[in-house]
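Per-entry structural report
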Amino acid sequence: MFGRSIRLFTVFGFRVSVDASWIFIALLVTWTLAVGFFPANFEGMNPPAYWMMGIAGALGLFGSIILHELSHSLVARRYGLNMRGITLFLFGGVAEMNEEPRNAKTEFMMAIAGPLMSLLLAGVFYLAYRGAGPDAPLWLTGVLFYLSIINLVVAGFNLIPAFPLDGGRVFRAAIWGWTKDIGKATRAAAAGGSIFAFLLIGLGLLSVMQGNLVGGGWWILIGWFIHAAARSSRRQLGLRVLAGEPVRRFLHGTPITVPPGMLLDRLVDEYIFRYHEYLYPVVDGERFVGCVTVADVRAVPREEWPYRSVASIARPCSPEIMARPEEDALGALMRMQRSGTGRMPVVDHDELLGMLDARDLVAYVQTRSQLPASKSGH
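Cut-offs applied
- Residues numbered from 1 in each chain as written.
- Predicted model: local features only at pLDDT ≥ 70, side-chain atom pairs only at ≥ 80, totals over all residues.
- Heavy atoms only, no water.
- Helix = DSSP H or I, 4+ residues; strand = E, 2+ residues; numbered from the N terminus.
- Buried < 20%, exposed > 50% of the residue type's maximum accessible area, 1.4 Å probe, protein only.
- Contact = heavy atoms within 4.5 Å.
- Lys, Arg positive; Asp, Glu negative; His and termini not counted.
- Charge placed at Lys NZ, Arg CZ, Asp CG, Glu CD.
- pLDDT = per-residue confidence, 0-100.
- Disulfide = S-S within 2.5 Å.
- Arc of directions from axis to C-beta.
- Salt bridge = Lys/Arg side-chain N within 4 Å of Asp/Glu carboxyl O.
- Phe/Tyr/Trp six-rings, centres within 6.5 Å; stacked < 30°, edge-to-face > 60°.
- Lys NZ or Arg CZ within 6 Å of the ring centre and 35° of its normal.
- Pairing = 2+ DSSP bridges.
- Axes fitted to C-alpha atoms, helices over the stretch in contact; angles between N-to-C directions.
- Left-handed = near helix turned anticlockwise from the far one by under 90°.
- Nonpolar A, V, L, I, M, F, W, Y, C, P; charged D, E, K, R; others polar.
- Expected span 1.5 Å × (residues − 1).
- Polar contact = N/O pair within 3.5 Å; in protein donor to acceptor, adjacent residues only side chain to side chain.
- Patch = residues over 30% accessible without salt bridge, like charges linked within 9 Å, V, L, I, M, F, W, Y side chains within 5 Å.
- Areas by Shrake-Rupley, 256 points an atom, 1.4 Å probe, with all protein chains shown as cover.

Here we come to the overall build of the protein. On a plain count of helices and strands, the protein comes out with 11 helices and eight strands. Structurally, the protein occupies a C-alpha span of about 80 × 60 × 45 Å along its principal axes. Scored against the burial criterion, the 378 residues of the protein give a buried share of 45%. A fraction of 62% describes how many contacts in the protein between residues 6 or more apart in sequence connect residues 24 or more apart. One way to put it: in the protein the 34 positive side-chain charges average out to a point 7 Å from where the 29 negative ones average out.

Shown next, in the form of structure tokens:
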């Protein structure tokens, strides 16, 4: 979903980052407020004052979205879900989950927390606006009024029962709880998301034909994003057959390893050019000592390859790109998707057991999809 992100700070143990796309939306929001919303609703101020209000309003929106996503994350952690952090991106923000909710109640409580937080913020900002009094600076009352309105809009938009919006997750939780069938619930919620997405795209096209290129373009873009996310949720549903399957089950053959004393020119000629893999485990005798990647080799000047060893650039594999034999295969696959790697070493007490390949997991999912489920559900 994201491109390059910038880590900002950590709150309650959650990493807060901003995607590069957010810079564009922050500038757009500031400009819209400074030349449109505030001059139209709070007359009598000079342009620099409106621009300061625009900046304050954008920062307030920034903080409101963080609190919205933080409420999701806190509730998810309360129900035992592992959350990686919060990322602000082009269309708002997202609380990044390492795993899907395990039951309908968890899904509902986590999903509804965000809109409830936005409604609470809308109420707080509106009370502050009403309580500011006639002597309060106009710029302050203007910003408070905007933040009350925008949080109400965020809550209302997110409550639309269209997956992956919060309302779509609430809708999925309701069907899941009623039917006890996560598959049926996901398909229904995703269908709602696609219908809503096509509605937005249609309205956007109509707006463009009426001459509103910017507004219509945004509706089309948001609709496309929701449709793509709804389709992704249906694909993710198929991956649930991996839940409960240990990583060990998918290991086969002898892994390709490199010794720490191998020179880089040999590594390139005899391994990288031959096997075309991005990551290679480094093994010293029977002991797993780390990983070396194509990027690690590329960082070394070409003329140094005949003299530099693998040990000089190898480093310990991070937990994000390493698996344990008994861990859940679905969780391992999700980590591979996030890290952008198709293989990861499977290690048990410094012993390399094999390499987990995403292609094997996908092939298993595709094969299972062509066969009826057994009575045990596997």
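Right, let's talk about the confidence of the model for the protein for a bit. Interpretation of this model should avoid reading the predicted coordinates in detail wherever pLDDT is low. Taken residue by residue, the protein gives an average pLDDT of 84. The fraction at 70 or more is 91%. Counting contacts from residues 374–378, a segment whose pLDDT is below 50, to residues more than four positions away or on other chains yields five contacts.

Right, let's talk about the state of the cysteines for a bit. A complete count under the given rule lists one disulfide for this structure. Disulfide partner of cysteine 291: cysteine 317, at an S-S distance of 1.4 Å. Disulfide cysteine 291-cysteine 317: torsion about the S-S bond near 50 degrees, hence right-handed. On the criterion of sequence distance, the pair formed by cysteine 291 in strand E6 (residues 287–293) and cysteine 317 in the loop between helix H9 (294–298) and helix H10 (329–339) is long-range, its members being 26 residues apart. Look at cysteine 317 and you get buried, because its relative accessible area is 10%.

Here we come to helix H8 (residues 264–275). For H8, the complete set of buried residues consists of Leu264, Leu267, Val268, Tyr271 and Ile272. Down the axis of H8, the smallest arc covering the buried residues is 125 degrees, so these residues share one side. When the buried face of H8 is taken as reference, the exposed residues oriented beyond 90 degrees from it are Asp269, Phe273 and Arg274. The inward-facing, buried residues of H8 abut strand E5 (279–284), E6 and H9.

Close approach of charged atoms allows side chains of opposite charge to pair. By the definition in use, this model includes 11 salt bridges. Its salt-bridge partner being arginine 343, residue glutamate 277 comes within 3.7 Å of it at the nearest N-O pair. A residue pair is termed long-range when its members are at least 10 positions apart, and glutamate 277 in the loop between H8 and E5 and arginine 343 in strand E7 (residues 343–348) qualify at 66 residues. Each member of the pair, glutamate 277 as well as arginine 343, carries the same accessibility label: buried. Several salt bridges converge on common partners, so that one network encompasses Glu277, Arg343, Asp357 and Arg359.

Per the counting criterion, the structure on display carries 12 aromatic pairs. Pairing phenylalanine 37 with phenylalanine 145 gives two aromatic rings, centres 6.4 Å apart and planes at 15 degrees, and the pair type is stacked. In this pair, phenylalanine 37 is assigned in helix H1 (residues 20–41) and phenylalanine 145 in helix H4 (residues 138–158), connecting sequence segments 108 residues apart. Among the aromatic residues, ring-to-ring pairing joins Phe37, Phe38, Phe42, Tyr126, Tyr129, Phe145 and Tyr146 into one connected group. The ring centre of tyrosine 79 lies 5.7 Å from the NZ or CZ of arginine 78, which sits over that ring.

For lysine 180, which is not a glycine, the phi torsion comes out positive at approximately 60 degrees. Following the sequence through the fold, lysine 180 ends up in the loop between helix H5 (166–179) and helix H6 (182–209). Lysine 180 sits in the exposed class, given a relative accessible area of 68%. The backbone of aspartate 350 shows a phi angle near 65 degrees, a positive value even though the residue is not glycine. By the secondary structure assignment, aspartate 350 is in the loop between E7 and strand E8 (351–357).

Now for the pairing of E7. Burial analysis of E7 places five of its six residues in the buried class, the great majority of the element. Two strands pair when backbone bridges link them, and E7 and E8 are joined in this way by six bridges, in the antiparallel orientation. Residue pairing in the sheet places methionine 344 in a bridge with leucine 356 of E8.

This brings us to the packing of helix H2 (residues 47–78) against helix H3 (residues 104–131). Between H2 and H3, the shortest axis-to-axis distance is 8 Å and the interhelical angle comes to 145 degrees. Here H2 and H3 pass one another in a crossing that is right-handed. Contacts between H2 and H3 pair Ser64, Leu67, His68, Ser71, His72, Val75 and Ala76 from the former with Met109, Met110, Ala111, Ala113, Gly114, Pro115, Met117, Ser118, Leu121 and Phe125 from the latter. Broken down by class, the residue content of the contact of H2 with H3 amounts to 11 nonpolar, six polar and no charged.

As a further point, take H2. Between its first and last C-alpha atoms H2 spans 46 Å; for 32 residues at 1.5 Å apiece the expected length is 46 Å, and the two agree. With a side-chain oxygen lying 2.9 Å from the backbone nitrogen of alanine 49, the N-terminal cap of H2 falls on asparagine 46. In the segment just after H2, glycine 80 is the residue with positive phi, at about 85 degrees.

Taken together, the side chains of Ile6, Leu8, Phe9, Ile23 and Leu27 define a hydrophobic patch exposed on the protein surface, amounting to about 460 Å² of accessible area. Of all elements in the fold, only strand E1 (5–11) and H1 reach the threshold of two or more residues within the nonpolar patch. A per-element tally of the nonpolar patch places E1 first, with three residues. Following the sequence through the fold, phenylalanine 9 ends up in strand E1. For phenylalanine 9, a relative accessible area of 36% corresponds to the partly exposed category.

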